[in-house]
Amino acid sequence: MITPRLFVCSGAKIDADSAIAKGRQRITLDSIGPHPNVNIRFQNVTRALHQHLPARLVDFLEIASYVFTADCATERGEQWTDDDSREAWGRDFAFVVPVRDPPFWTKPEITSLIKESLSFLSNDKYSFTFVPLTQDRSEQRYFEFAERKTWSFHAPERVIMFSGGLDSLAGAVETANTGDHVVLVSHRSVSTVSAHQKRLFHALQKRFPNRLVHVPVWINKDEKFGRESTQRTRSFLFAALGAVVAEPLNAGGIRFYENGVVSLNLPVAEEVLRARASRTTHPVTLCHLES
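Here the structure is a predicted model, which is why all the values come from computation and not from measurement.

A. Just helix α5 (residues 166–177), in detail. The end-to-end C-alpha distance of α5, which contains 12 residues, comes to 16 Å, matching closely the 16 Å that a straight helix rising 1.5 Å per residue would cover. Along α5, the residues that are buried comprise S168, G171, A172, T175 and A176. One side of α5 holds all its buried residues, which, seen down the axis, span an arc of 125°. Across α5 from its buried face, at more than 90 degrees, point the exposed residues L166 and E174. Contact partners of the buried residues in α5: β7 (159–161), β8 (182–188), α6 (191–207) and β10 (254–255).

B. Inspection of the sheet that holds strand β1 (residues 5–9) at higher detail. Taken together, 4 strands build an open sheet; the order of strands is β2-β1-β4-β5 and the sheet is parallel. In the strand order of this sheet, the two ends are held by β2 (25–29) and β5 (125–132), each with one partner. Averaged over all pairs of adjacent strands, the angle between their axes in this sheet comes to 20°, without regard to strand direction. Against the sheet, helix α2 (residues 55–73) contacts β1, β2, β4 (92–99) and β5, and its axis sits at roughly 150° relative to β4.

C. Representation of the pairing of strand β9 (residues 212–221). Where burial is concerned, most of β9 is hidden: 8 out of the 10 residues are buried. As defined by bridge partners, β8 adjoins β9 across 7 bridges and the pair is classed as parallel. Bridge pairing in β9 places V182 opposite L212. With α6 bridging β8 and its parallel neighbour β9, the resulting β-α-β unit is right-handed.

D. Local environment of the pattern of salt bridges. A complete count under the given rule lists 9 salt bridges for this structure. Salt-bridge contacts for R100 lead to E62; the nearest nitrogen and oxygen are separated by 2.9 Å. With R100 in the loop between β4 and α3 (102–105) and E62 in helix α2, this pair connects stretches of sequence that are 38 residues apart. Taking the relative accessible area as the measure of exposure, R100 reaches 21% and is therefore partly exposed. The salt bridge involving D71 is made with R91; its shortest N-O contact spans 2.8 Å. Taken together, the positions of D71 in helix α2 and R91 in the loop between α2 and β4 put the pair 20 residues apart, joining distant regions of the chain. What you see here is one network of salt bridges that share partners, running through D59, E62, R100 and D136.

E. A look at the packing of α5 against α6. Two elements in contact, α5 and α6, have axes whose closest approach is 11 Å; the angle formed by their N-to-C orientations is 20°. Taken together, α5 and α6 sit at an angle that is classed as roughly parallel. In this structure, α5 crosses over α6, and the sense of that crossing is right-handed. Contacts between α5 and α6 involve L169, A172, V173 and N177 from the first element and L200, L204 and R207 from the second. By residue class, the composition of the contact of α5 with α6 is 5 nonpolar, 1 polar and 1 charged.

F. Representation of the pairing of β1 in the model. Counted residue by residue, β1 has 5 buried out of 5 residues, so it is predominantly covered. Side-chain alternation along β1 places R5, F7 and C9 on one buried face and L6 and V8 on a second face that is also buried. Note: β1 against β2, 5 bridges, orientation parallel. Looking at the pairing, F7 lines up with I27 of β2.

G. Region of the structure containing helix α4 (residues 108–122). Between its terminal C-alpha atoms α4 stretches 21 Å, which fits the 21 Å expected from 15 residues at 1.5 Å a residue. Within the span of α4, buried status applies to I110, T111, I114, S117, L118, F120, L121 and S122. Trailing α4 by a residue or two, N123 shows a phi angle of about 60°, which is positive.

H. Representation of the nonpolar core within the structure. The biggest cluster of nonpolar side chains holds 58 residues, and the ones touching the most others in it are F42, F95, W105, F128 and V183. For this core, the element with the most residues is α2, which contributes 12 residues. Excluding anything up to four places from it in sequence, W105 contacts R56, D59, F60, I63, V99, I110, T111, I114 and F130. Counting residues in hydrophobic clusters, the runner-up holds 11 residues, among them A172, V182, L184 and L212.

Calculation criteria
Residues numbered from 1 in each chain as written. Predicted model: local features only at pLDDT ≥ 70, side-chain atom pairs only at ≥ 80, totals over all residues. Heavy atoms only, no water. Helix = DSSP H or I, 4+ residues; strand = E, 2+ residues; numbered from the N terminus. Expected span 1.5 Å × (residues − 1). Buried < 20%, exposed > 50% of the residue type's maximum accessible area, 1.4 Å probe, protein only. Arc of directions from axis to C-beta. Contact = heavy atoms within 4.5 Å. Pairing = 2+ DSSP bridges. Axes fitted to C-alpha atoms, helices over the stretch in contact; angles between N-to-C directions. Right-handed = clockwise from strand over helix to strand, strands pointing away. Salt bridge = Lys/Arg side-chain N within 4 Å of Asp/Glu carboxyl O. Parallel < 35°, antiparallel > 145°, perpendicular 65-115°, else oblique. Left-handed = near helix turned anticlockwise from the far one by under 90°. Nonpolar A, V, L, I, M, F, W, Y, C, P; charged D, E, K, R; others polar. Core = buried A, V, L, I, M, F, W, Y, C linked by side-chain atoms within 4.5 Å.

This is how it looks when you write it as C-alpha cells:
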C-alpha cells in the first residue's frame, strides 16, 4: 500500500500531532521562500500582463504547481488490476496551501470541484486545507520581462496551450492560418523540452511572421521529486497556466488541441484503460475545468 502523503506548502505551519498529519508522510513544498523546491518563472511577458495579474490566479498557479509536484514525487504501486471501481495504484494526497484569497478557495463548492477534477484526472484521493498566506514573495520574481515596450496581442480569440507535440503544433498552424494573432503558452520542465519548443516556435514565426507570440512558463522541482512518470495532473497545471495568461490579456478562452482517440479514452489497448490513459482533454475534464 502506498503511504498517504501530506504536502505542506508555502511555509504553512502544521503541528506534528495535528489530525490532518496523522498516518501521513509529511513533505514540504515551497515556491515562495528564499530556498524554493518548486520553481515558477514566466518568460517573454510584458508589464501589461504583470500589472493585471489577479491574486486569485497566482493562487491557482501555485496550487496546480504543488499538485503536479506531488503527482511527480509519489510513485504509484506496480500492481494494475481490472477492478472497475479503483486502480490498485491509487494514492492519497492531502495539501495545506496558504492562499491570498481565502474566502474564495475555502468555499465548499470550490474545494469540491478541485477534488473532483483531480480525482477524475488521476484516480487518486485528494483533500485540501486552504489557509491565509502570511508572507508573500515579490511577484516580479515570477516574471522575466521582454524588451518590447508594447503588447500587440491583446484580446486574442483564444490562448493556445503549446506542448510542442504534433497535436498542439497542428492547432497553432490552423489558428495562425486564419490570420488571427496567436498566443502560445507552454510548460517547460527541462532544457530538452525547452529546446524543442523553441525550434518549433521559430519555424512557426518564419511561416507566420508577426502573428505569434510565445509565453513559456518554467515550472520545475528538485530532482528528488521526479519519481513518477505518468503525470496525470499535468492538464490541471496546463489549465492554470492558460488562465494566468488569458485573463489579463482579455482572451476569449483557452484552447487545448488533442487527438480525438486520446481525448475520448477509447480502449484501444489494455495499457490505456481508466487512469492508465491520459484524460487531459476528456469531455469530463473539460467540463470540470470550464466550471
